[in-house]
Structure formats: structure tokens, C-alpha cells
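Listed here are the chains, written in short residue letters.
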Amino acid sequence: MKKFVTISLLIFLFLISGNIALAAENDHSGHSGPSTDIQSGEHSSHDATLQQSNDVIQPSHSEHQSNEPSQSSTGHGQSQGTSSPEHSSHDGQAQNQNSEAHDGGHGVKEVKEVNIKPWVYAFLAYTAGVLLLALILKKGRGKNNELVS
Amino acid sequence: MNWLARILKSSLFPGVLQWPTAFVFAVIIYQLLYGPDSSSKNFGTSMTWVLWWPIIPLIFFILGRMWCAICPFATLSDIIQKFFGNNRPVPQFLKKYGIWIIDALFLLITWADHVFGIVDSPRGSGILLLMIIAGVITMGAFFERRAWCKYLCFLGGVAGNYSRCGSIDITADPKKCTTCKVKACFNGNEQVAGCPMFGMPRTIGSETCNLCGNCFKTCPNNSVVAKVRVPSSGLWLINTPRLSESSLAIVIMSIVFVQNATMLEVWAKAQSLVETVLGTSNYGVIFTMIFSVAVLSTIGAMAIASGISSFLNKESLIDNFARFGYAFIPLDLAAHMAHNLFHLLAEGKNVIYTAMALFGINVSGSNAILDVSTISALQYILLGVGTIGSIVAALKLNKGRPLNGVIPILALIIAFLLVNIYLFLLPMSHRV
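Residues numbered from 1 in each chain as written. Chains lettered and ligands numbered in written order. Predicted model: local features only at pLDDT ≥ 70, side-chain atom pairs only at ≥ 80, totals over all residues. Heavy atoms only, no water.

Along chain A, the regular secondary structure elements total 5 helices and 2 strands. Counting every position in chain A, which comprises 149 residues, the buried fraction comes to 42%. As displayed, chain A offers around 8000 Å² of accessible surface, 60% of which is attributable to carbon and sulfur atoms. (Helix = DSSP H or I, 4+ residues; strand = E, 2+ residues; numbered from the N terminus. Buried < 20%, exposed > 50% of the residue type's maximum accessible area, 1.4 Å probe, protein only. Areas by Shrake-Rupley, 256 points an atom, 1.4 Å probe, with all protein chains shown as cover.)

As C-alpha cells, this is what we get:
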């Protein structure tokens, strides 16, 4: 019975904290806290945002084609032998964009703005719940871990 | 190995490494969650994916699972256990299916990396770490010892496999242990806890032992010894092969293939094909389909090789799969290290730049430590050494059986080597 209650409470906590994240995520429009664009399988249409993002840009199909030659020209290809090892960090970033272009050319990996705050809140809520539950269960046991009647 | 025994016995170990690691980890978490959006400017991303992830297989190879002794997640688990721990026994289903859950988690995280973006995005990495911390806290709060590390940590699963190739072995004098009544190595004493990995030094394998040194400190008979062994020899003496562990070895190989293949032109063609067949442009669906095919075809190749072996040596397919799956671990390790060697040596200076940026010092320049041709040469050397290790392991695992039974496995090792060489010949993209 105790096991059942513990597991049920854990599932409840998990769902509640997940719900906090989702609710906050849905409410979120024009975030104020730190956030980034991460890839999502969902289809959205904020192309203007995509063009400006400097991290994980998911280019359109045409960008993919135009970026491909630049990948070899930046010279990180190991097999071409034309690469310059002394590339700048800027080059590395360009390469990163190119790799994203490579990945996203056909399946079109979309980006979605993710606000980190709800995730942190959900994490804190879940953690606090688990620790509280653990403490309550611990109090119900003696020093040698036997149940206190 | 007196020097190692002295280190492990020291009261300063592992704390002297554990606490600085925990501090750096806290900085990494903060950076991932609240630092710069750009992965190339984020200290957390650089430390995690350019330094730590490439170096960790090398640590497993040299020191076995010693990382697990100083891992910040394990430190957190210990702290939670101290103040909130219920110390309940680990549920049977975790003991029985934990490694399968690890297999699934490893696949899930790789899939999520491609679909949602984890390596590319500091926030994605941060969210992943938060989820892992939530799991660690849950396990630490309710279950005894390091239940998370032993039964659920996906890195622990990989560490367990790779550490079989490790060069350090902890064992104990059987004469002293059979007469021992206190079993302090397992139960602990008033000062030091028992083995956090639920083992005893006489029987614990390098796949489980995290070299925390507790048994060295608690043993009243000075029975525990540390030995240096031939790398990969831990694979040769496996008495009870487990399908779950062998499957993980094959799954790791398929993941290395997928990680490399996503950077090739053929990847775009494969996506286009799946897009046409399925009639969807949803990247998640397309990647899931291709990822599933890649993983299943690697496992399928091993199943076919095991099937042919079973025809030749008259043992069951499952027995052959379980036994010979371990032979692929050295090649796994080599391919994993070779893939990450590029990130470490072509992007390694980014760690220094992002670390300096934490103190307001902005330095820019090349991220590369070595030139690409040197890195390529090192990658092929690694693949060669790994292949030799796999071939030797396959032959040793076949000891006492007809030689023809191992031939399909050797052929598959060579085939995997050729696929790896092909993939490493092609351009690889950067992480930061």
C-alpha cells in the first residue's frame, strides 16, 4: 500500500511539474529571460526569426543548397586536403551553421523558441516534491530503517 | 601498483577531486541555462561537448570507471542520501532490466539530440542535465547506495562496457576474503561507507567498480589489491555473457554510424527519399525513421553474423550474439574516441576562450589544437588499434570452440571498420 502511494505520488509530481513547464511554455510569448532556439519537429513559420538567430539556424531548402559549397570552401573537410586548420572561431560558427544546413535541408528541422524558466521551475517543483516525500517517508522509519508503529 | 593503492587508501581520495569537479559542474549548469545562447561562446557547451565528452572514453580506457567516483551526479546522490535517503532496496525490475533501460536511454538521448537539439544548443544541454539531476535525486532519496549509477545512468552503461577495455583491475585475496566475517568492503564501517556499486572487490568486475577506494579503506585484512592488466583483457574472461550488454555494444556502434552519417551528403538524399515515401516534411518523423533503420540494420548485421556462427558452431544465435557482442567494444571505443578526437583537437582551444570570457577576457583565434591531417592520421591509428583489439577479443572469446564459428564475427568487425573508415574520410562538422 505504502509503495503504491509513493509511486502514485511520484507520478503525480512528475505530471504536475511537466504541466508547469508546458503551461508556462504555452503562455510564453516574447520571453524576457534567457532563452534560445532549439530544434523541434513541429512545423512553425517564423522564418524571420530563423534568419536572425546565430546559433542553430535551420535554413530553408534554398539556403541548404547555397551553403553547401561554402562548407567545402571553409575547408574543414578532412578528405579534401584543402582545409586550413588555423580557422577562426568565426569559421567554426559558420561551419556549425553549414552542418545545420546539411541536416535540415530536406526534412526541414524547425526551430522553436524555448524559455528556460519553466523548465527550471518544473525541475525545482519536482525536486522539492520528491525531497519532501522522501523526508516524510524517512520520518516514518526508525534509525535502523524499520517501520515506526 | 602500490602508488595506486596508496591513492585509493588516502582519506583525501576521492574528495580532493570530487569537490572541484562538482564546482566546475555547477558553473557548467549555470552557463548552459543562463550563459550565452551561442554554443561557440558558451563555456558549458565547450566544457561538456568539446572537452569532457571526447576525453571520457580515454579515461575509461586508462582508469576504468574512476570518473564515476568523482562524477558530480554521484556526489549529488550521496548528499541527497545523507539528508533525505530512505535507503530502500533497489526494485527487482531495475536489477533485472536496468541495462535494457540504459540501452533505451542512450538511444533516446541520441534521438533527442538530433530532433530537439542538445549538443548544438546550450539550453538543450541544460535541460538534459536538469532531467538527469531529477532522476539522480529521485533515486538517491529513495534507494540505497548509488542506485542511479549502477542501474540507470546511461553514461554508466557505456562506462561499464568501455571499462572492460580498461587497464586497471581491482581484486582481492580469496584466502583472506573467504575467512572474513565482517565484510566491511560491502557493509562499510563507522568512518567509510560500503561499496556504492553493490559489490565486493573479490567478485566485482571492472565494468562495475568505480575505483572509489572505499574497500581499500574499510578492509581490515588488507586483502584488496589494484593490478595493471593488458587493455581489453577484461573482455577475454567473461564467463556469463549478457545479451543486454552485448546489445549496448552494437547499439553504440550504430550510434557512431548515425552521428557520422548525419554529416554526409547521402544523409540529405536519405531524408529526401523518406520524405517522398512518407509524404511528410516533419524532420522528427524523417529522422526517427532513418535512425530506426540505421540502428536496426546494425543490430541485424550482428544477428546475421551470429546466425551464421550458430550454424557453424552449433550454439544458439542468442548465445553467439551475447558472447561475441563484447568483441565489438574495442572498436566501439576506438570509433567513439576517433569521432570525438576531431572535436577535441579541432575545437579544443574554444574551451580556453570561453573560460577566459567568464572573467571578462575576450580572446579569439583558431580553435584548432592540431591540423586536420594530423587528426585524421590519429583517427585511423585509433581505428586500427581498436580493430586489432576487437579481433583479439573475438578470438579469445571463441577459445575452446571451433575456429570457423568466429569467422562471421571477424568479417563483421572488418565490415564495421570499413564503414568507419569511409565515414571518417568525409567532412565532419564542428560542435562549437
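Turning our attention to the overall build of chain B. Looking only at helices and strands, chain B features 21 helices and 2 strands. Counting every position in chain B, which comprises 432 residues, the buried fraction comes to 59%. Residue pairs at least 24 apart in sequence account for 79% of intrachain contacts in chain B once pairs closer than 6 positions are excluded. Accessible area of chain B: about 17300 Å², with a carbon and sulfur share of 70%. (Contact = heavy atoms within 4.5 Å.)

An α-helical segment advances 3.6 residues per turn. Residues three or four places apart therefore align on the same side. Residues and elements named next belong to chain B. With 19 residues, helix α18 (residues 329-347) ought to run about 27 Å at 1.5 Å a step, and its terminal C-alpha atoms sit 26 Å apart, in line with that. Along α18, the sharpest change in direction is near 30° and occurs at Asn340. Taken across its 19 residues, α18 has 19 buried, putting it largely inside the fold. (Expected span 1.5 Å × (residues − 1). Bend = angle between axes of the 7 residues up to and from the residue.)

Residue and element names in this part refer to chain B. At a closest axis distance of 10 Å, the pairing of helix α20 (residues 372-397) and helix α21 (residues 407-425) adopts a crossing angle of 170°. Taken as axis vectors, α20 and α21 run roughly antiparallel relative to one another. For the pair formed by α20 and α21, the contact residues are Gln379, Tyr380, Leu383, Thr387, Ser390, Ile391, Ala394 and Leu395 on the first element and Ile409, Leu410, Ile413, Ile414, Leu417, Asn420, Ile421, Phe424 and Leu425 on the second. Along the lines of polarity and charge, the residues of the contact of α20 with α21 split into 13 nonpolar, 4 polar and no charged. (Axes fitted to C-alpha atoms, helices over the stretch in contact; angles between N-to-C directions. Parallel < 35°, antiparallel > 145°, perpendicular 65-115°, else oblique. Nonpolar A, V, L, I, M, F, W, Y, C, P; charged D, E, K, R; others polar.)

Before going further, it helps to examine the packing of helix α3 (residues 43-63) of chain B against helix α19 (residues 349-358) of chain B. Residues and elements named next belong to chain B. Orientation of α3 relative to α19, taken along the N-to-C sense of each, is 155°, at an axis distance of 9 Å. As judged from the angle between their axes, α3 and α19 are roughly antiparallel. Crossing handedness for the pair α3 and α19: left-handed. In this structure, α3 contributes Phe43, Ser46, Met47, Val50 and Leu51 to the contact, and α19 contributes Asn350, Val351, Thr354, Ala355 and Leu358. Here the contact of α3 with α19 is built from residues that sort into 7 nonpolar, 3 polar and no charged. (Left-handed = near helix turned anticlockwise from the far one by under 90°.)

Phe142, Ile170 and Ile409 of chain B are the most contacted members of the largest nonpolar core, which has 119 residues in total. With 12 residues, helix α7 (residues 122-142) of chain B is the largest single contributor of residues to this core. In this view, Phe142 of chain B contacts Thr6, Leu10, Val130, Leu133, Ala134 and Leu137 of chain A together with Asn86, Asn87 and Arg88 of chain B; residues no more than four positions away in its chain are not counted. One finds Trp267, Val274, Phe287 and Val295 of chain B within the second-largest nonpolar core, a separate group that totals 10 residues. (Core = buried A, V, L, I, M, F, W, Y, C linked by side-chain atoms within 4.5 Å.)

All names here are of chain B. Counted under the stated rule, the structure contains 13 aromatic pairs over all chains. Measuring from centroid to centroid gives 5.3 Å for Phe287 and Phe291, while their planes differ by 15°, and the two rings are stacked. With a gap of 4 residues between them, Phe287 and Phe291 both fall in helix α16 (residues 283-313), about one helical turn apart. Accessibility classification places Phe287 together with Phe291 in one group, the buried group. Within the aromatic cluster, the residues linked to one another by ring pairs are Trp49, Trp52, Trp53 and Trp67. Over the aromatic face of Phe186 sits the side chain of Arg145, whose NZ or CZ is 4.0 Å from the ring centroid. Residue placement shows Lys396 over the ring face of Trp236; its charged tip is 4.6 Å from the ring centre. (Phe/Tyr/Trp six-rings, centres within 6.5 Å; stacked < 30°, edge-to-face > 60°. Lys NZ or Arg CZ within 6 Å of the ring centre and 35° of its normal.)

All names here are of chain B. A cis amide bond links Phe13 to the next residue, Pro14, at an omega of 5°. Located in the positive-phi region is Arg145, a residue other than glycine, with phi close to 50°. Inspection of the secondary structure assignment puts Arg145 in the loop between α7 and α8 (147-152). Positive phi, close to 60°, is recorded for Lys314, a residue that is not glycine. Among the secondary structure elements, Lys314 is positioned in the loop between α16 and α17 (317-325). According to the relative accessible area criterion, Lys314 is exposed, its value standing at 68%.

With that out of the way, let us pick up the environment of Leu395 of chain B. Residue and element names in this part refer to chain B. The topology assignment puts Leu395 in helix α20. By relative accessible area, which is 38% here, Leu395 ends up partly exposed. With near-sequence residues (within four places) excluded, Leu395 lies in contact with Leu403, Val406 and Leu410.

All names here are of chain B. Here Thr387 shows up in helix α20. What makes Thr387 buried here is its relative accessible area of 5%. Within the structure, the side chain of Thr387 is placed 2.7 Å from the backbone oxygen of Leu383, a separation counted as a polar contact. If near-sequence neighbours (up to four positions away) are discounted, Thr387 is found in contact with Leu331, Ile413, Ile414 and Leu417. (Polar contact = N/O pair within 3.5 Å; in protein donor to acceptor, adjacent residues only side chain to side chain.)

What follows is about empty space enclosed by the protein. All names here are of chain B. Counted by the stated rule, this structure contains 3 cavities of 30 Å³ or more. Its boundaries defined by the atoms lining it, the largest cavity holds a volume of some 100 Å³. Along the wall of the largest cavity there are 14 residues; nearest its centre are Cys195, Ile204, Cys209, Cys212 and Cys215. Taken together, the residues of the lining of the largest cavity break down into 11 nonpolar, 3 polar and no charged. (1 Å grid on protein atoms, 1.4 Å probe; cavity = no way out; pocket = protein on both sides within 12 Å on 5 of 7 lines; lining within 4 Å. Points joined across faces, edges and corners; volume = space filled by probe spheres on them.)

Everything listed here is a matter of geometry and, on its own, says nothing about what the molecule does.
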